Amino acid sequence: MAEKKCPSCSSQRFYVKDPQDEYEFYEFDVKGGEPVLSPETPETHWSNIGEDTETYCSRCAWHGKFKTLKTTG
Ligand SMILES: [Zn+2]
């Protein structure tokens, strides 16, 4: 199965900013190429992550659109 990883450090942990509040962040793991948010994350935020969503790596300074994550496998 294809996996998505950070192009810089190969981490699979990322976060996105809440479009309603730039100081709010939602962390998630990418498994099987899909974002997997923690169960505490409100369901409304799941749909905020699309191919063009600005995505930030949790481990390094990389950020870019979700679709630009490195695909492996
Ligand atoms: Zn990274």
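Residues numbered from 1 in each chain as written. Predicted model: local features only at pLDDT ≥ 70, side-chain atom pairs only at ≥ 80, totals over all residues.

1. A short note on the overall build of the chain
Consideration 1: When you go through the chain residue by residue, the secondary structure sums to zero helices and seven strands.
Consideration 2: When its helices and strands are written in sequence order, the chain yields β-β-β-β-β-β-β.
Consideration 3: For a compact globule of 73 residues, the expected C-alpha radius of gyration is about 11 Å, and the chain comes in at 11 Å, within 12% of that figure.
Consideration 4: Dimensions along the principal axes, computed over C-alpha positions, put the chain at roughly 35 × 25 × 20 Å.
Consideration 5: Taking all 73 residues of the chain together, 14% fall into the buried category.
Consideration 6: By sequence separation, contacts in the chain at least 24 residues apart represent 54% of the contacts at least 6 residues apart. (Helix = DSSP H or I, 4+ residues; strand = E, 2+ residues; numbered from the N terminus. Rg over C-alpha atoms; globule rule 2.2 N^0.38 Å. Buried ≥ 20, exposed ≤ 12 C-beta atoms within 10 Å, placed from the backbone. Contact = placed C-beta atoms within 7 Å.)

2. Quick look at the nonpolar core
Consideration 1: Of all hydrophobic cores here, the largest spans six residues; its members are C6, F14, F28, V30, C57 and L69.
Consideration 2: In this structure, C57 is in contact with C6, S8, C9, S11, F14, W62 and H63, ignoring residues within four places of it in sequence. (Core = buried A, V, L, I, M, F, W, Y, C linked by C-beta atoms within 7 Å.)

3. Focus: the environment of E3
Consideration 1: Residue position: E3 is located in strand β1 (residues 3-5).
Consideration 2: C-alpha of E3 to C-alpha of Y15: the two residues are 12 residues apart in sequence and 17 Å apart in space.
Consideration 3: If we ignore the near neighbours within four places in the chain, the residues touching E3 are G32, G33, T72 and G73.

4. Overview of the sheet that holds strand β4 (residues 34-37)
Consideration 1: Across the sheet, which stays open at both edges, the five strands sit in the order β4-β3-β2-β5-β6 with antiparallel pairing between neighbours. Edge positions in the open sheet fall to β4 and β6 (63-65), since each of these has one partner strand only. Recorded for the sheet is a direction-independent mean angle of 45 degrees between the axes of neighbouring strands.
Consideration 2: As paired elements, strand β3 (residues 21-31) and β4 share four bridges and run antiparallel to each other. The residue of β4 that forms the bridge with V30 is P35. (Pairing = 2+ DSSP bridges. Axes fitted to C-alpha atoms, helices over the stretch in contact; angles between N-to-C directions.)

5. Concerning the pairing of β3
Consideration 1: Here strand β2 (residues 13-18) runs beside β3; their pairing, made up of six bridges, is antiparallel. Of the residues in β3, the one forming a bridge with V16 is Y26.

6. Let's talk about unusual backbone geometry
Consideration 1: One non-glycine residue, S10, lies in the positive phi region at around 65 degrees.
Consideration 2: Mapped onto the secondary structure, S10 falls in the loop between β1 and β2.
Consideration 3: Accessibility expressed as a C-beta count within 10 Å gives 13 for S10, which makes it partly exposed.

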